[in-house]
Each structure stands twice: as C-alpha cells, then as structure tokens.
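These are the residues of each chain, in order.
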Amino acid sequence: MKNIVETLKTIKFKSAIIVKVWIVIAIGIVLLKGVIAGWSNTASDFNNYYLSAKLVSEGTPIHQFYDNDWFTNKAYQIGIKEGAKFSPFPPITAYVYLPVTFFKPLIAKRVWLVFNALILIVLPFRIRKITKWSLSQTTLFLSLFIIPISSCLNFGQLYLLIGFLLLESLGQLYMLSKPKILGFFIGVLASLKYLPIIFLGYIIQHEKRYLILIFTFLGIIIPSLIIYMIDDQVHDIFFLDFISHLEGNLPGQGKYAVEFQSIDSLLNNLFVYDQFKNPFPLLNLSILKPIIKYSLLGVTMVLLFYTFKRNHYQVTPIIISIGIIGVFVMIPASASYHFLLLLWPILCIIEWLISFKSKKALVIISIMIFLTFTIQQYHIPNLDQLSTINLLLHYPRFWSLLCVFLLLNYYHIKILRKNYG
C-alpha cells in the first residue's frame, strides 16, 4: 500500500513538472511568434484598422473605404508600403483604432501590441476568478490558444480584446448578474465583428433575457445611427459587401482562397470553374456547391436538435457552446485569431467535461481543439500528383473543427445516457 501511495505521488509530481514545462514552452512561443515577430512586422492586418481610423480622423467618408483600389492607394500615400484594405469590415470598425492614430504606423502597431499583451496578462486572473481554477490551470487552458494569441499579437488584431470582453461580460452574467452590461457589450461587439451576436444563446434561460435583448439592440442601433448621420451612404454599400462576404467572396483574396479554410472556398475549388483562378476543378458543376453546403448545414442543425432533444429540450451553456462551434464550421472565412472568440464557449466545454469527470473525453477534446487552432495549411506537404487529395488535405482547420463539433455531440449524448439514462 505504501508503494502504491508513493507511486501515485511520483506520477502526480512528474505530471506537475510536465505541465509547468509546457506552460513555459507556450509562453516562449507567444513571445517569439507574437510579441517579437509583431514588434517589427508592418505587413499585417493592423494596417487596415490603422488607415481607416486615420482617414476617419481626417473626416473622410467611410463609404469610400469599400473601394479597395482607392483604399490601397491611400495606404501608399501615408507610407504603408504593404497596402491595406477595409472591406468587408462593418463601418464602426473604422473608429476602433482612433486612439493610436496620433502615432506613426509602426509605433502605433507597437502601442496596440502592448495593449494586447496587457489583456493577455490580465486574462488568466479573470478566468481564475470565474472558474475558481488555479493559476496554472488557467494558463494551461490558455495554452490551447497559443497560435490564435500569437497571431493576434503579431498582426495587430482586435480579437483578443473582443474575446476578453465576451468572456468577461458572460462571466459577470453568471457570477454577478449584470445583464445590461452583457447586452450592450454583445450589441457593440456584434456591430464590430458579426459573430458575437450568436452569444445571445447563453441568455435564453436567463430571467432577465428581455432586458439583455433590449440593451443588445441598443448596442447595435446606437452606433449604426451615429454612423448613418455622419455618412448616409455607407450602410447601402456595406450591405452589398456583406452579402458577397457571406457567399465566400473575400475582397483581396477571392473565393478560392485556401488560407481562409472555409467550406465555401473548398467547394469553390472543387466545383466552380474559373478560367484563370480555377481552370481544373474536380467537377465543373457549380450547382453542387450550394447542395453540399446546405446539406452540411442541415446535418449540423439535425445533430444539434438531437442533442437538444436528448437533453430534454433544456438549453444549457454546453448546448450553446456546441452550437457556436457548429457555426464556426460553416463561416465563410476563418483565420487563427478568429478562434479567440471561442474563449468562453471552450471554457464552458472544459468545465462541463471536468464536472462529469470525463478524463478521456477531456484529453481528446483538448488535443483536438489544440490541433484545430495550431495546424495550418502550409504545414501539410504537397502531393502534386494527387491534386484533389492534396486540396482536401490542405483544409486541416476545417476538417479538425468539424471533428471537434462531431466529437462534442457524441460525448454530450454519451454523458447524458450514462448519467441520466
């Protein structure tokens, strides 16, 4: 018996050492690929936000920003050699980076990087307050997001800020019940990046859900009205741009861009002919794209409904979190930093797995999430002789995210059966 106890202590000690080493490695990767790389990187998404804010500060109408050639020329004029594009951003996005427009582009980028770094430093402490985890556990959780965090720091993006605000406001909803703050935050954030609107799913069972919806509406409509009063043409132009974006047509990249790892670009490459950009599709049958896409959407919805049914038609945070993962499977474009919006859903998923003591499921889901966020298409070797297989293999983010969604549904149903029959 004494030997067994000593063995268990040794295993626990070694596991703690492995976790600490991994956390040090994760911090090193973020410093190397995020902070150090981003400190001098001027060829980044930051240019898009900086230039739009700079032009707004000079009184330029925002509707002009959706002309990519005009916007790129403006970038060249102020010394941004790498160019920039504003489309398909919502109009309000042009105002976010106004505080840093007092600096030259590179200095402004560094100021924003420091701001993001400060959020990252605060984040584990806020997660610890919400979850009651230890600091090492919260840091281990954040290590799942090594590449999204590094990418956000490197490219000067705002997704770490949005992910943090969503986590903070939803955490406050469950901890202190501040529905007005939650509603207004979701509204403003949805005005910036669309996807936060789906986080309203978390409030369905809340007793003050109608109050939250009112403040969400205010968070969307107030900025929109202010922008309309400044530029009454911008919303018409933006709406046309938004519809094109939903169809997977990405300004500056086109609808065949593999980099954005979407179901739209995959199906475009497989079935939509283009004389110059896609002369050799698998089949020249563009009608297959909407058929397959909406079939996948249908399967996703059926799976979610079945899971919902197995849960006795109860809307719970885990159901909503799985649903949000399903939405991410279907979005028309994704980049690594977009996954920072999933901080709260994945936190809910991890807490749920821990609460049911599903160690195997916890390990498998955590590994799959990490791989989804980490593996990029350029990590996959080219198989030039097998063009179709090569194309399919170069969508690792899409396939792994789909696997995460399917696995979550499987484990949710399995745990329900085990615990409730």
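Residues numbered from 1 in each chain as written. Predicted model: local features only at pLDDT ≥ 70, side-chain atom pairs only at ≥ 80, totals over all residues. Heavy atoms only, no water.

Moving on, we come to the side chain of Ser191. Relative to the helices and strands, Ser191 is located in helix 8 (residues 179-193). Engagement of the side chain of Ser191 in a polar contact is seen with the backbone oxygen of Gly187, the distance being 3.0 Å. (Helix = DSSP H or I, 4+ residues; strand = E, 2+ residues; numbered from the N terminus. Polar contact = N/O pair within 3.5 Å; in protein donor to acceptor, adjacent residues only side chain to side chain.)

Turning our attention to the nonpolar core. In terms of nonpolar packing, the biggest core is built from 110 residues, with Ile62, Phe141, Phe145, Phe328 and Ile346 touching the most fellow members. Beyond its immediate chain neighbours, meaning those up to four positions away, Phe328 contacts Leu195, His338, Phe339, Leu341, Leu342 and Leu401. (Core = buried A, V, L, I, M, F, W, Y, C linked by side-chain atoms within 4.5 Å. Buried < 20%, exposed > 50% of the residue type's maximum accessible area, 1.4 Å probe, protein only. Contact = heavy atoms within 4.5 Å.)

To continue, consider helix 3 (residues 68-77). Where helix 3 is concerned, the buried positions are Phe71, Thr72 and Ala75. Taken end-on, helix 3 shows its buried residues confined to a sector of 100°, consistent with a single buried face. Every exposed residue of helix 3 that faces more than 90 degrees away from the buried side is listed here: Asp69 and Gln77. In this structure, the buried side of helix 3 is in contact with helix 2 (46-57). The N-terminus of helix 3 is capped by Asp67, whose side-chain oxygen sits 3.3 Å from the backbone nitrogen of Asp69. Gly79 lies just past helix 3 and shows a positive phi near 95°. (Arc of directions from axis to C-beta.)

Considering all chains together, one arrives at three salt bridges under this definition. A salt bridge links Glu168 to Arg126; the shortest N-O distance between them is 2.5 Å. With a gap of 42 residues between them, Glu168 in helix 7 (residues 159-175) and Arg126 in helix 4 (residues 105-131) connect regions that are remote in the sequence. Take Glu168: its relative accessible area is 15%, and that puts it in the buried class. Of the charged contacts in the structure, one is a salt bridge between Lys293 and Asp264, with a shortest N-O distance of 2.9 Å. (Salt bridge = Lys/Arg side-chain N within 4 Å of Asp/Glu carboxyl O.)

The next thing to look at is the packing of aromatic side chains. Inspection of every chain in the model, using the stated rule, returns 27 aromatic pairs. Look at Tyr159 and Tyr337: their rings are 5.4 Å apart centre to centre, the planes differ by 20°, and that puts the pair in the stacked class. You can see Tyr159 sitting in helix 7 and its partner Tyr337 sitting in the loop between helix 13 (317-330) and helix 14 (343-355), a full 178 residues away along the chain. For the pair formed by Tyr159 and Tyr337, the shared burial category is buried. For the ring pair Phe398 and Trp399, a centre distance of 5.0 Å and an interplane angle of 65° mean the geometry is edge-to-face. Given the relative accessible area of 34%, Trp399 is considered partly exposed. (Phe/Tyr/Trp six-rings, centres within 6.5 Å; stacked < 30°, edge-to-face > 60°.)

Further remarks concern helix 11 (residues 263-271). A turn of α-helix holds 3.6 residues, and therefore any two residues three or four places apart point the same way. Counted residue by residue, helix 11 has nine buried out of nine residues, so it is predominantly covered. What helix 11 keeps buried is the set Ile263, Asp264, Ser265, Leu266, Leu267, Asn268, Asn269, Leu270 and Phe271.

Attention now moves to unusual backbone geometry. It is generally the case that most residues other than glycine have a negative phi and that most peptide bonds are trans. Here the phi dihedral of Tyr194 falls at roughly 60°; this positive angle occurs in a residue that is not glycine. Looking at the element boundaries, Tyr194 is found in the loop between helix 8 and helix 9 (209-230). In this structure, Gln261 is a non-glycine residue whose phi angle is positive, near 50°. Within the secondary structure layout, Gln261 lies in the loop between helix 10 (234-246) and helix 11. Residue Gln261 is classed as buried on the basis of its relative accessible area of 4%.

In this structure, Glu351 sits in helix 14. Judged by relative accessible area, which is 32%, Glu351 ranks as partly exposed. Separated by 318 residues in the primary sequence, Glu351 and Lys33 place their C-alpha atoms 29 Å from one another. The residues touching Glu351, leaving out its near neighbours within four places in the chain, are Thr131 and Trp133.

Such coordinate-based values are descriptive only and should not be taken to indicate function.
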